[in-house]
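For reference, the chains in residue letters:
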Amino acid sequence: MTAASDAKRRAQRGGAERSSDERADAKRPQQKPPWLRVRLRWTPEFERVQATLEGQRLHTVCASAACPNLGECWSRGTATFMIGGNLCTRRCGFCDVATGRPAALDPREPERVAAAVETLGLAFAVVTCVARDDLPDGGAGQMALTVRAIRERCPETGIEVLIADYKGSEPALRRVLDAGPDVLNHNLETVARLTRRVRVAARYERSLLVLRRAAELRPDIPTKSGLMLGLGETAPEVLRALADLREAGVSLLTLGQYLQPSPSHLPVARYVPPDEFEAWAERARAIGFREVAAGPLVRSSYRAEALAARPRPPSAAASL
Ligand code: SF4
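Rules of the game
- Residues numbered from 1 in each chain as written.
- Predicted model: local features only at pLDDT ≥ 70, side-chain atom pairs only at ≥ 80, totals over all residues.
- Helix = DSSP H or I, 4+ residues; strand = E, 2+ residues; numbered from the N terminus.
- Buried ≥ 20, exposed ≤ 12 C-beta atoms within 10 Å, placed from the backbone.
- Contact = placed C-beta atoms within 7 Å.
- Core = buried A, V, L, I, M, F, W, Y, C linked by C-beta atoms within 7 Å.
- Near = placed C-beta within 6 Å.
- Nonpolar A, V, L, I, M, F, W, Y, C, P; charged D, E, K, R; others polar.
- Axes fitted to C-alpha atoms, helices over the stretch in contact; angles between N-to-C directions.
- Parallel < 35°, antiparallel > 145°, perpendicular 65-115°, else oblique.
- Pairing = 2+ DSSP bridges.
- Right-handed = clockwise from strand over helix to strand, strands pointing away.
- Expected span 1.5 Å × (residues − 1).

Draft legend 1. Spatial organisation of the overall build of the protein. Secondary structure summary: the protein contains 13 helices and eight strands in total. Out of the 320 residues belonging to the protein, those deemed buried represent 45%. Residue pairs in contact within the protein that sit at least 24 positions apart in sequence constitute 76% of those at least 6 positions apart.

Here it is in structure tokens:
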């Protein structure tokens, strides 16, 4: 597929689920506030990451989802691997990963991810997967194989998996948990009211069920989730979502600003200022989250190693 056809396809995505008002809003240019401006850093480490990924023919969510932190993370020598190909079977209104019919799974992909982890010398690796609703297990088997391949090659490396909901399948979730990741991450993404609009094929309650089950099945593996702010949610709705996550046993939380990847994606309702993120982080810790990363540019895998490793402060001991 050429870059031009890829860009055209991306521009066509997501419009079907939106009202004409929303599409009109999306076309209006929105001035980004200064706190969202990022400078692209080009370092030897960046080039090393790029060359390793290209050499192993691997995808990253950093590039496929146009993450604003790509320059920073790659310059620190880290990236988030995206397995299962680079075409997603879902069409979420916020996400820049391309939708399409994915190719068959590559049986060598887990080993190539492990080789890249080894080459980059990662102390902590984050692996995510496109939604593979075309597969009976939703891609859980490939994720489990990838965790095992990394463990085999790099036993000291911490591993976080950022999983899809596997349509709520318990066997699929068990498969991933049995592989023994260090952190299981599944994003709630937004509040209950906006879920159908933001994550068309997902369900708010189903995501909570995935997280609750994971915490029950493997209480030794911390669970993590994240929300995007700026999609039109209200403060009471955010608070409800945080309470729901705590009730589901989630201990690690990320909160970041939603950014519209293209005019065809959902519009930004509001740019949330940094001090508001700080206030949410304090609130989240007060209701029992062990660690919280909150800020305009925070993404679910942003500085994941630090979030997973931080000791539990005494003030975070409270629970709902
Ligand atoms: S925040 Fe995550 S997805 Fe974004 S560049 Fe960093 S590692 Fe990649």
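What follows continues from the structure just given.
Draft legend 2. Focus on the nonpolar core. Residues V113, A125, V127, M143, V161, V176 and L255 are the most contacted members of the largest nonpolar core, which totals 91 residues. Broken down by element, this core gets its largest block of residues, seven residues, from helix α7 (residues 140-153).

Draft legend 3. Spatial organisation of the site of the ligand. In the region of the ligand, the neighbouring residues are V61, C62, C67, N69, L70, C73, T78, A79, T80, R299, S301 and Y302. Where the shell around the ligand is concerned, the elements lending two or more residues are α4 (61-64) and α5 (70-75). For the shell around the ligand, the class distribution of residues is seven nonpolar, four polar and one charged.

Draft legend 4. The packing of α7 against helix α8 (residues 170-178), seen in detail. Two elements in contact, α7 and α8, have axes separated by 8 Å at closest approach and are oriented at 5°. By the angle between their directions, the pair α7 and α8 is classed as roughly parallel. From α7, A140, G141, M143 and A144 reach across to α8, where they touch A172, L173, R175, V176 and D178.

Draft legend 5. Examining the pairing of strand β4 (residues 158-162) more closely. With four of five residues buried, β4 is to be regarded as a mostly interior element. Pairing analysis gives five bridges linking strand β3 (residues 124-129) to β4, with the strands arranged parallel. Within the sheet, the bridge partner assigned to T128 lies in β4 and is L162. Once you follow β3 into α7 and on to β4, the crossover reads as right-handed. Of the pairings in the sheet, the one linking β4 to strand β5 (residues 183-185) comprises three bridges and is parallel in character. Counted as the bridge partner of L162 is N185 from β5. Note on the crossover from β4 through α8 to β5: the handedness is right-handed.

Draft legend 6. Structural context of α7. Taking 1.5 Å of rise per residue, 14 residues should cover 20 Å, and α7 covers 20 Å from first to last C-alpha, within 8% of that figure. A140, Q142, M143, A144, L145, T146, V147, A149 and I150 are the residues of α7 that are buried.

Draft legend 7. Representation of unusual backbone geometry. You will see that A66, though not glycine, has its phi angle at about 50°, which is positive. Turning to its location among the elements, A66 is positioned in the loop between α4 and α5. Phi at Y166 is positive, roughly 50°, even though this residue is not glycine. With respect to the helices, strands and loops of the structure, Y166 is situated in the loop between β4 and α8.

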